[in-house]
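# Structure at a glance
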Amino acid sequence: MNCQLLMLRLGEITLKGRNRARFEKAVLSHVKSVLEAFPKARITKDYGRIYIELCGEPAGELIPPLKKVFGITAIVPVAAAPSELEAIQQAALDFIGSLSLEKETAFKVNSRRVWKEFPYSSQEMNKLVSSPLLQQFSALKVDVNHPELELRVEVRQERTLLYSLIIPGAGGFPLGTNGKAMLLLSGGIDSPVAGWSAMRRGLEIECVHFHSYPFTSRKAEEKVIELAKVLSGYSGTIKLHLVPFTDIQTAFTGVGQDNLIITFMRRAMLRIATRLAEASGALAIVTGESLGQVASQTLPSMNVIGRATELPLLRPLVMMDKDDIISLSQQIGTYELSILPYEDCCTLFIPKSPSTNPNLRIVQKVEQHVERLDEMIELAVQNTVTLNLTPHAQIRYEEEGGPEEASELPRHDLELPLDGQAIREDWF
Ligand code: ATP
Ligand code: MG
C-alpha cells in the first residue's frame, strides 16, 4: 500500500482530563522504544494522535510491534499530500492504484475539511476526489451506505491525509500509568492472561514464579521464562523472580492437614510475593484466579487465601469463562506455551480432596505450628533469583555483583525423579 506515515489513535486516555499529558508521554516513550529498531522513522505528535513518518522504513514491519503498545486504539496507514486539490486527487489515484483492486468494490470517499480556509467544502471534496477515481478504476462502484472501501480524506493546513485501513490497536491504558503490581505467574493458561490484562490497564508488572526443584524440572522453569518473555513483548522488558519453594511445600506436607495443603501453599506464596512487592514498590498482587474454577478458587478459599496479604489482590479473570480466557491466551501468544505438559509445583502436591471451604482459624493455627515457617519464608525471599527478560535477548540473572550470563550460574539439570502420581502417594 502507498503509505508514508502511520497515524496512531490514542483512545481512552483522552478521557482522563488532567492526566492526559502524562498518559500521552507514556505512550510516546513506549512508541519511541519500539522505533529504536527503525532508525529512519520520525515521530510527531498532535492532539490525541501520534504520527510516525516512515521515511522509507517498512510499514508492514512496524505494525506488529505497535499493535502491542497499550493506549493505542488504532493504527492507520496514511498517504499524505500537500493540501492542494490536484495533489490530493493524484494522491487518491495513487492510493487506490496501489490496492490493485480486481473484483467489483463498493466504495465511497469520506472527506473532512479540518482546515476551514481550504476552498472546497467536505461535500465538494467527496465529488472532486471520487470522480477521477471512478474514471480510472472500473472495479469501483459507489455505495455510500455499505462501502467495502471507504477512502477518508482529511484536509489539514499542513497537509492532507488519505487512508482507508484502520487496524485495531491493543487499547487500554499506557504502560505503567496506573502503577506497579506483582504477578503470580504459574505455567498455566490463566496467569499469563491475567498479567496481560493487568498490563493493558496500565500496570507495570513484575512476575513471581515459585518452583519446587528438584520435584519440578528445568523444563517447567524454562516454560515460565518463555511465558514471561512473551509478556515482555508488551512492555519491552519484564522482571521474573524465581522463588525456591521446595522447603516450604515439604514443610506443609508434614502437618497432617492434606486437604488444606493448597491453601497453605497459596498463603505462603502471597506472603513471599508481598515481601517482593514491598521491595520493588509494587502496590498490588495479580493472580490468574477465576471464581469456582478449582477448589482453591471458591469464594471461601479465596477469602482465606487472600487474608495472607494486606496488599490489594487483583484477579482480572475472576468472572471470566475458561473459553474466553483460552481465546485471549491464543490472541496474546501464550496459549501454545501454556499447554506444554511440564508440571507445576502445585500440581505435584494436589491432595485427593482439596478443601473448598477452609476455616481461617484452623489454617492460621496450623501455620503457627509449622516449624520455622517465618524463617523459611525469609530464606525463600533471600534466595530468589531475578531475571531481566526481553522478548529476544539472552537471559541475565540480576544478583549481587551485577548481572551475569545465565550459563555461568548453576541450573536445574535434574529431571523429576518420580512421576507426579508416585510423589503424591509417597507424601500423603
Ligand atoms: P494458572 O493457569 O494461572 O496456573 P489455575 O487456574 O491453574 O491458574 P491454580 O493453579 O489454582 O489456578 O493457581 C491460581 C493462581 O495462583 C494462578 O493463576 C497463579 O496466579 C498463582 N500460582 C499458582 N501456582 C503458581 C506458581 N507455581 N508460581 C506463581 N504463581 C502461581
Ligand atoms: Mg495452575
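The structure reproduced in this document is the subject of the present report.

## Focus: the overall build of the protein chain
Check the secondary structure of the protein chain and you find 14 helices and 17 strands. Taken across its 428 residues, the protein chain has 51% of its residues classed as buried. Taking all contacts inside the protein chain whose residues are at least 6 apart in sequence as the whole, residues at least 24 apart take part in 78%. Here the protein chain has roughly 20,500 Å² of accessible surface; of this, 50% comes from carbon and sulfur atoms.

## Structural notes on the packing of aromatic side chains
A complete count under the given rule lists 8 aromatic pairs for this structure. Ring geometry for phenylalanine 70 versus tryptophan 196: centroids 6.0 Å apart, planes at 65°, classification edge-to-face. Linking phenylalanine 70 in the loop between helix H2 (59–66) and strand S4 (72–81) with tryptophan 196 in helix H5 (residues 190–200), this pair joins segments that are 126 residues apart in sequence. Positioned above the aromatic ring of tyrosine 234 is the side chain of lysine 68, whose terminal nitrogen or guanidinium carbon lies 5.2 Å from the ring centre.

## Considering the pairing of S4
The buried fraction of S4 amounts to 8 of the 10 residues, a majority that puts the element mostly inside the structure. Bridge count between strand S1 (residues 5–10) and S4: 6 bridges; the pairing is antiparallel. Each residue of the ladder has a partner; that of methionine 7, found in S4, is valine 76. Across 2 bridges, S4 lies against strand S9 (residues 167–168) in antiparallel orientation.

## What about the pattern of salt bridges?
In this structure the tally under the stated criterion is 19 salt bridges. The closest approach of N and O atoms between glutamate 24 and lysine 45, which form a salt bridge, is 2.8 Å. Of this pair, glutamate 24 sits in helix H1 (residues 20–35) while lysine 45 sits in strand S2 (residues 42–46); the two residues are 21 residues apart in sequence, bridging distant segments of the chain. Given the relative accessible area of 6%, glutamate 24 is considered buried. Residues joined in a network through salt bridges with shared partners are Asp46, Arg49, Arg112, Glu154 and Arg156.

## Considerations on a nonpolar patch on the surface
A cluster of nonpolar residues, Leu134, Val142 and Val144, forms a patch on the protein surface that exposes about 240 Å² of accessible area. Locating leucine 134 in the fold gives a position in helix H4 (residues 122–136).

## Side note on the site of ligand 1
The environment of ligand 1 is formed by 22 residues, the closest being Leu184, Ser186, Asp190, Ser191 and Gln293. Within the backbone of leucine 185, one N or O atom sits 3.5 Å away from a nitrogen atom of ligand 1. Between an oxygen atom of ligand 1 and a side-chain N or O atom of serine 296, the distance comes to 3.5 Å. Relative to its unbound accessible area of 570 Å², ligand 1 is 90% covered by the protein chains. Of all the secondary-structure elements, those providing two or more residues to the shell around ligand 1 are H5, strand S11 (204–211) and helix H8 (261–280). The leading source of residues in the shell around ligand 1 is S11, at 3 residues. When the residues that make up the shell around ligand 1 are grouped by side-chain class, the tally is 9 nonpolar, 9 polar and 4 charged.

## Points about the nonpolar core
Leu184, Phe210, Phe245, Ile248, Phe252 and Ile272 are the most contacted members of the largest nonpolar core, which has 35 residues in total. Residue assignment for this core shows that the elements contributing at least two residues are strand S10 (180–184), S11, helix H7 (246–253), H8, helix H9 (299–306), helix H12 (360–369) and helix H13 (373–382). Here the element with the most residues in this core is H8; it accounts for 11 residues. Core analysis: the second largest hydrophobic core is formed by 32 residues, Leu183, Trp196, Leu242 and Leu389 among them.

## Details of the pairing of strand S5 (residues 105–113)
Two faces, one strand: in a regular strand the side chains alternate between the faces of the sheet. Bridge count for S5 against strand S6 (residues 140–142) is 3 bridges, and the pairing is parallel. What sits directly across from alanine 106, in S6, is lysine 141. The β-α-β motif built from S5, the intervening H4 and the parallel element S6 has right-handed crossover chirality. Relative to strand S7 (residues 149–155), S5 is paired through 7 bridges, and the arrangement is parallel. When the sheet's bridge partners are listed, arginine 112 is paired in S7 with glutamate 154.

## Quick notes on H1
Helix length check: H1, at 16 residues, gives a terminal C-alpha distance of 22 Å against a target of 22 Å (1.5 Å per residue), a fit within 8%. When H1 is considered as a whole, its buried residues turn out to be Arg20, Phe23, Glu24, Ala26, Val27, Leu28, His30, Val31, Val34 and Leu35. Where the residues of H1 are buried, they touch S1, S2, strand S3 (49–53), H2 and S4.

## Overview of the packing of H7 against H13
Where H7 meets H13, the closest approach of the two axes is 9 Å, and the angle between their N-to-C directions is 160°. In terms of axis orientation, H7 runs roughly antiparallel to H13. Taken together, the residues of H13 that come into contact with H7 (itself represented by Asp247, Ile248, Ala251 and Phe252) are Leu373, Met376, Ile377 and Ala380. By residue class, the composition of the contact of H7 with H13 is 7 nonpolar, no polar and 1 charged.

Rules used throughout
- Residues numbered from 1 in each chain as written.
- Chains lettered and ligands numbered in written order.
- Predicted model: local features only at pLDDT ≥ 70, side-chain atom pairs only at ≥ 80, totals over all residues.
- Heavy atoms only, no water.
- Helix = DSSP H or I, 4+ residues; strand = E, 2+ residues; numbered from the N terminus.
- Buried < 20%, exposed > 50% of the residue type's maximum accessible area, 1.4 Å probe, protein only.
- Contact = heavy atoms within 4.5 Å.
- Areas by Shrake-Rupley, 256 points an atom, 1.4 Å probe, with all protein chains shown as cover.
- Phe/Tyr/Trp six-rings, centres within 6.5 Å; stacked < 30°, edge-to-face > 60°.
- Lys NZ or Arg CZ within 6 Å of the ring centre and 35° of its normal.
- Pairing = 2+ DSSP bridges.
- Salt bridge = Lys/Arg side-chain N within 4 Å of Asp/Glu carboxyl O.
- Patch = residues over 30% accessible without salt bridge, like charges linked within 9 Å, V, L, I, M, F, W, Y side chains within 5 Å.
- Near = heavy atom within 4 Å.
- Polar contact = N/O pair within 3.5 Å; in protein donor to acceptor, adjacent residues only side chain to side chain.
- Nonpolar A, V, L, I, M, F, W, Y, C, P; charged D, E, K, R; others polar.
- Core = buried A, V, L, I, M, F, W, Y, C linked by side-chain atoms within 4.5 Å.
- Right-handed = clockwise from strand over helix to strand, strands pointing away.
- Expected span 1.5 Å × (residues − 1).
- Axes fitted to C-alpha atoms, helices over the stretch in contact; angles between N-to-C directions.
- Parallel < 35°, antiparallel > 145°, perpendicular 65-115°, else oblique.

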